[in-house]
Amino acid sequence: MLRKKECVAMLLAGGQGSRLYALTGNIAKPAVSFGAKYRIIDFPLSNCINSGIDTVGVLTQYQPLVLNEYVGNGQPWDLDRTFGGVHILSPYEAKQDTSWYVGTANAIYQNIRFMKMYDPEYVLILSGDHIYKMDYDKMLQAHKTANADCTIACMEVPIKEASRFGILNTNPDGTIYEFEEKPKKPKSNLASMGIYIFTASKLFKFLEEDAKNPDSEKDFGKNVLPAMLNAGEKMFSYRFEGYWKDVGTISSLMEANMDLLGVVPEFELTDRDRVIHSRSPLAPPAFVEGEVINSIVATGCEIEGKIVNSVIGTNCVIEKGAEVSDCVLMGNITVKAGAKLNYAIIDEDVTVCEKAVIGEKKSKASNLEGKTAGITVLGRGVTVNKGNKIPAGEIVDKNV
Amino acid sequence: MASTVGVIFSSINEENIPELTKARSTGSIPYGGRYRLVDFALSNMVNSGITTVGMLTKNNYQSLMDHLGSGKYWDLARKEGGLILLPPYSDETEMLYKNRLEALKGATAFLKKAKEDFVVLTDSDSIYKLNYSKVIDFHIKMNADITMVYHEHELIKSHYYMTLNTADDGKITDIEINPLGSGSKKNYINVMVARRTYLLRLVQDAIQHGFTSFGRDILSPGVKNHNFYAYKLEGYYASITSLNSYFNANMELLDKKVRQEIFGDRAVYTKVNDSAPAKFTDTANVKNSLIADGCLIEGNVENSVLFRGVKIGKGATVKNCILMTDNIIGDNCNLAYVVSDKNSVIRDNRVLAGCEIQPYFINKGSLI
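*Asks:* If you had to explain the overall build of chain A to someone new, which residues and values would you point to?
*Replies:* Each helix and strand counted, chain A has nine helices and 31 strands in total. Since a compact globule built from 400 residues should have a radius of gyration of about 21 Å, the 22 Å found for chain A is in line with a globular shape. Once the C-alpha set of chain A is aligned to its principal axes, its extents read approximately 65 × 50 × 45 Å. Here chain A holds 400 residues, and the buried ones make up 59% of them. Of the contacts made within chain A by residues no fewer than 6 positions apart, 59% connect residues no fewer than 24 positions apart. As displayed, chain A has an accessible area near 16500 Å², and 47% of this comes from carbon and sulfur atoms.

*Asks:* So what about the domain arrangement of chain B? Which residues, and what values?
*Replies:* All names here are of chain B. Each assigned domain of chain B is listed here: domain 1 (4-263) and domain 2 (279-362). On a C-alpha basis, the centroid separation for the pair domain 1 and domain 2 is 33 Å. In total, domain 1 and domain 2 occlude about 1700 Å² of area from one another, counting both sides; carbon and sulfur atoms represent 69% of this. Interface area lost by domain 1 to domain 2 is led by Gly33, Phe247 and Leu254, which between them contribute 34%. Close ionic contact of Asp341 with Arg24 constitutes a salt bridge, the shortest N to O distance being 2.9 Å. The interface formed by domain 1 and domain 2 holds two residue pairs in polar contact (both at pLDDT 80 or more) in total. Of all the secondary structure elements, the ones that give two or more residues to the side of domain 1 that touches domain 2 are α1 (18-21), β2 (30-31), β3 (35-36) and α9 (243-251).

*Asks:* Tell me about the interface of chain A and chain B, residues and numbers included.
*Replies:* Every contact between the two is made by 41 residues of chain A and, on the other side, 36 residues of chain B. Taking both partners together, chain A and chain B bury about 3000 Å²; carbon and sulfur atoms supply 51% of that area. By the criterion of area lost to chain B, the three top residues of chain A are Leu282, Pro285 and Phe287 of chain A, representing 20% of everything that side buries. The interface formed by chain A and chain B contains five salt bridges. Between Asp293 of chain B and Lys37 of chain A there is a salt bridge, with the nearest N and O atoms lying 3.1 Å from each other. Elements supplying a minimum of two residues to the side of chain A that touches chain B: β14 (286-288), β15 (291-293) and β16 (295-297) of chain A. For the side of chain A that touches chain B, the class distribution of residues is 23 nonpolar, 11 polar and seven charged.

*Asks:* Any details on the pattern of salt bridges? Residues and values, ideally.
*Replies:* Residue and element names in this part refer to chain A. Taken as a whole and assessed by the stated rule, the structure comprises 30 salt bridges over all chains. The partner of Glu178 in a salt bridge is Lys187, and the shortest N-O contact between them spans 2.7 Å. Of the residues examined, Glu178 reaches a relative accessible area of 24% and is grouped as partly exposed. Look at Lys187 and you get exposed, because its relative accessible area is 54%.

*Asks:* Describe the pairing of strand β11 (residues 184-195) of chain B, and please don't skip the residues or the numbers.
*Replies:* With five bridges connecting them, strand β6 (residues 118-123) of chain B and β11 of chain B associate as antiparallel partners. Across the sheet, the residue bridging to Leu121 of chain B is Met192 of chain B, located in β11 of chain B.

*Asks:* Lay out the sheet that holds strand β24 (residues 340-342) of chain A with the relevant residues and their values.
*Replies:* All names here are of chain A. In spatial order, the strands read β15-β18-β21-β24-β27-β30; together these six strands make up an open sheet with parallel pairing. Of all the strands in the sheet, the pair left with one neighbour each is β15 and β30 (389-390). Pairing geometry for β15 and strand β18 (residues 306-308), over three bridges, is parallel. Looking across to β18, one finds that Val292 is bridged to Ile307.

*Asks:* So what about unusual backbone geometry? Which residues, and what values?
*Replies:* In this model, Asn294 of chain A sits at a positive phi of 40°, which is unusual for a non-glycine residue. Within the element layout of this structure, Asn294 of chain A appears in the loop between β15 and β16. Look at Asn294 of chain A and you get buried, because its relative accessible area is 16%. Phi angles above zero are rare outside glycine, and Asn190 of chain B is one such case at about 60°. You can see Asn190 of chain B is positioned in strand β11.

*Asks:* I'd like a description of the sheet that holds β14 of chain A, backed by residues and values.
*Replies:* Pairing between the strands of a sheet comes from backbone hydrogen bonds, and it takes one of two forms, parallel or antiparallel. Taking strand neighbours across the sheet as the criterion, the 11 strands line up as β29(A)-β26(A)-β23(A)-β20(A)-β17(A)-β14(A)-β16(B)-β19(B)-β22(B)-β25(B)-β28(B) in an open arrangement whose pairing is mixed. Looking at strand neighbours, the two that pair on one side only are β29 (383-384) of chain A together with β28 (360-362) of chain B, the edges of this open sheet. In this sheet, β29 of chain A lies alongside strand β26 (residues 351-352) of chain A in parallel orientation, the contact comprising two bridges. For Thr351 of chain A, the partnering residue across the bridge sits in β29 of chain A and is Thr383 of chain A.

*Asks:* Can you explain the environment of Lys184 of chain A? Please cite residues and give values.
*Replies:* All names here are of chain A. Here Lys184 shows up in the loop between β10 (176-181) and β11 (190-199). A relative accessible area of 82% means that Lys184 is categorised as exposed. In the structure, Lys184 is positioned 21 residues away from Ser163 in sequence and 5.7 Å away in space, judged by C-alpha atoms.

*Asks:* Please set out the environment of Ala206 of chain B residue by residue, giving values where relevant.
*Replies:* Residue and element names in this part refer to chain B. In this structure, Ala206 sits in helix α7 (residues 196-208). With relative accessibility at 1%, the residue Ala206 sits in the buried group. A sequence separation of 68 residues divides Ala206 from Phe138, and the C-alpha atoms of the two residues are 26 Å apart. Excluding residues that lie within four positions of it along the chain, Ala206 makes contacts with Leu101, Phe211 and Ile218.

*Asks:* How would you sum up the packing of helix α6 (residues 200-212) of chain A against helix α7 (residues 220-230) of chain A? Please name residues and give values.
*Replies:* All names here are of chain A. Where α6 contacts α7, the axes come no closer than 10 Å and their chain directions differ by 115°. Between α6 and α7 the crossing geometry is right-handed. Two secondary-structure elements touch here, α6 through Lys202, Leu203, Phe206, Leu207 and Asp210 and α7 through Phe220, Asn223, Val224, Ala227 and Met228. For the contact of α6 with α7, the class distribution of residues is seven nonpolar, one polar and two charged.

*Asks:* Explain the side chain of Thr57 of chain B residue by residue, including any values.
*Replies:* Tracing the backbone shows Thr57 of chain B in the loop between β4 (52-56) and α3 (62-68). Beyond its immediate chain neighbours, meaning those up to four positions away, Thr57 of chain B contacts Ser10, Ser11, Leu64, Leu85, Leu86, Pro87, Pro88 and Tyr97 of chain B.

*Asks:* Residue-level account of the packing of aromatic side chains, with values.
*Replies:* Applying the stated criterion across every chain, the model contains 21 aromatic pairs over all chains. Here Phe34 of chain A and Phe43 of chain A contribute two aromatic rings whose centre-to-centre distance is 5.6 Å and whose plane-to-plane angle is 80°, an arrangement assigned as edge-to-face. In this pair, the class of Phe34 of chain A matches that of Phe43 of chain A, namely buried. Three or more aromatic residues joined by ring pairs make a cluster, and in this case those are Phe34, Tyr38, Phe43, Tyr243 and Phe267 of chain A. The ring of Tyr70 of chain A has Arg39 of chain A lying over it, and the distance from NZ or CZ to the ring centre is 5.1 Å. Geometry around Phe287 of chain A places Arg259 of chain B over its ring, the cationic atom sitting 3.9 Å from the centre.

Cut-offs applied
- Residues numbered from 1 in each chain as written.
- Chains lettered and ligands numbered in written order.
- Predicted model: local features only at pLDDT ≥ 70, side-chain atom pairs only at ≥ 80, totals over all residues.
- Heavy atoms only, no water.
- Helix = DSSP H or I, 4+ residues; strand = E, 2+ residues; numbered from the N terminus.
- Rg over C-alpha atoms; globule rule 2.2 N^0.38 Å.
- Buried < 20%, exposed > 50% of the residue type's maximum accessible area, 1.4 Å probe, protein only.
- Contact = heavy atoms within 4.5 Å.
- Areas by Shrake-Rupley, 256 points an atom, 1.4 Å probe, with all protein chains shown as cover.
- Domains from an automatic or database assignment.
- Buried area = accessible area lost by both parts, 1.4 Å probe.
- Salt bridge = Lys/Arg side-chain N within 4 Å of Asp/Glu carboxyl O.
- Polar contact = N/O pair within 3.5 Å; in protein donor to acceptor, adjacent residues only side chain to side chain.
- Nonpolar A, V, L, I, M, F, W, Y, C, P; charged D, E, K, R; others polar.
- Pairing = 2+ DSSP bridges.
- Axes fitted to C-alpha atoms, helices over the stretch in contact; angles between N-to-C directions.
- Left-handed = near helix turned anticlockwise from the far one by under 90°.
- Phe/Tyr/Trp six-rings, centres within 6.5 Å; stacked < 30°, edge-to-face > 60°.
- Lys NZ or Arg CZ within 6 Å of the ring centre and 35° of its normal.

This is the structure we're talking about:
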């Protein structure tokens, strides 16, 4: 029997996410909680299954424990398959040519044998730190129609932010004539979303060449894509319109969470055609006694205090007299009586004791400079003792 | 624990609550915002280490099958054992079973094939937490033939029931069926443990003698010559025997103690459908209510249980209501003591009310 898959997805999930500070102290960025009941990796995994792609390699390296346990056999995303499905790909040891993953291209290169098991026509490269809904199949069809060797998804960004991205300079027909990685003076505002479709044979060829090049940094944006362009391969841009957010920083993570609020939110998750799947915790519905205004609340919560403009994750307990405003609470958090939380991101398993005060009102704190732009961050498992005050913009990673 | 197989009667007692069982079996009655009644019996089994469960169905079991699927949400999609649906017509009689005994006869092939030593039999119309392995330990210790689980509460006379009289060590001395009188009694909750081979012999013997009632013909007279023991279920127990008791059992979940007892320290497994988290807008005002995933609350909600995907319009007031999955309540509606089955739509400005002892029931998929 012919055993092959037309398209295999490779999800780069090894990043440390150092700009998320305490939130990625001991978990990989794709495993960070988002939107009350999700983790970041739910988005690319759900996009895959919703686009008909059922073979996904997840490349992990940094603190993979939580991520591996979360992905498991892929059942929550219908990715538990007899052939294909989701596979965790960690760095491994062999006689030659293996090491820790030293760059995005190297990580994929080290797993060429995994991809070849499925004899794919195309390979989709994804990263595990973006929040968006996308039909990869449309992009694949565009790739096929254009008879391209590589298609890069891109979207327009404000020109002043363009220097944070890989920028595509394109001809009117969508072909790419230049690729600049984080240019100081960007020529266009068309930013790469880090989503690539390669014709598999070309990908394997250029990865093998890149591996032999001692000067290469083994990075897609810096090395492989420019090399393909120089070799005259057909490279196309694919414009994406819709919500897309890189949640690599504290402030962008906060913003993306807040984009879920409201009757007509910036980013809609209730669409039943393109459901974002997640490993649902087994908790009863939320019990609500207090005041909950313009917020979302996940299952298992016991809310007796006041919640305003916030995202409350699974199994949180907000006691009477506690107030939570403009916050993201990730899950399994206890906020005791009289505590006040303002403009903060609180990681899982945190306890805020009676009358503690976290951060400052958003109107004031958001004017602050600094790594987190005024957002207070409490890392995983932290306890804030009775009556303690945490100033706005602090990052707390141990009990105080 | 000792190797044990479970059998769940998913359709028994459905005549008690015709409103909710018109198009579903007792086991698939929605409860508590995101569950079906059968989840409690199944979760008790799984949490007791039972990995082979036979599910006896009767008619109307489509919604039950839809809920259970392969059993994966209960970790019961297994190569060895797992969840096995036992539809009716499994023998040559070509008749739909009429009582528990005939239903059990339909499970004899399943029970003969099983290799486990013990059987736990349970209904699916009640909510409780019980570790069946403790019942089996007791059963072994007492060298019992049958162990019947009871809960002490006031008699509820709306339906068929059995009460137990016991000696100090738990040996059952008498079983009464629908007794007169009042006050707190040891009410059998239709949870029973026996050795698998013993149960098979019992069923075979009963059929040969033309018996029709498990309670009247086997259990009650059997007390004299056999070792029947009683095991006490401590803590919370609710049985859904009428629309009224359905209403009350849901409302009892608003009590923190009950929630902790039923959901604390263990998982209650159920089908997962990946709804987005519940959303509350600027105009939401919610008091003392359970709100499931996927809800959108723009109005006032008090003392209510809202299942997944319920929408409450602006200015609407919902008090003492149970609104099942995907109910849509229009702007400025006023609802009190309403039990609304799945997928119903209440148009803007409607006023609907029942009362505490007689909730107003809205059929599945109604448009009002």
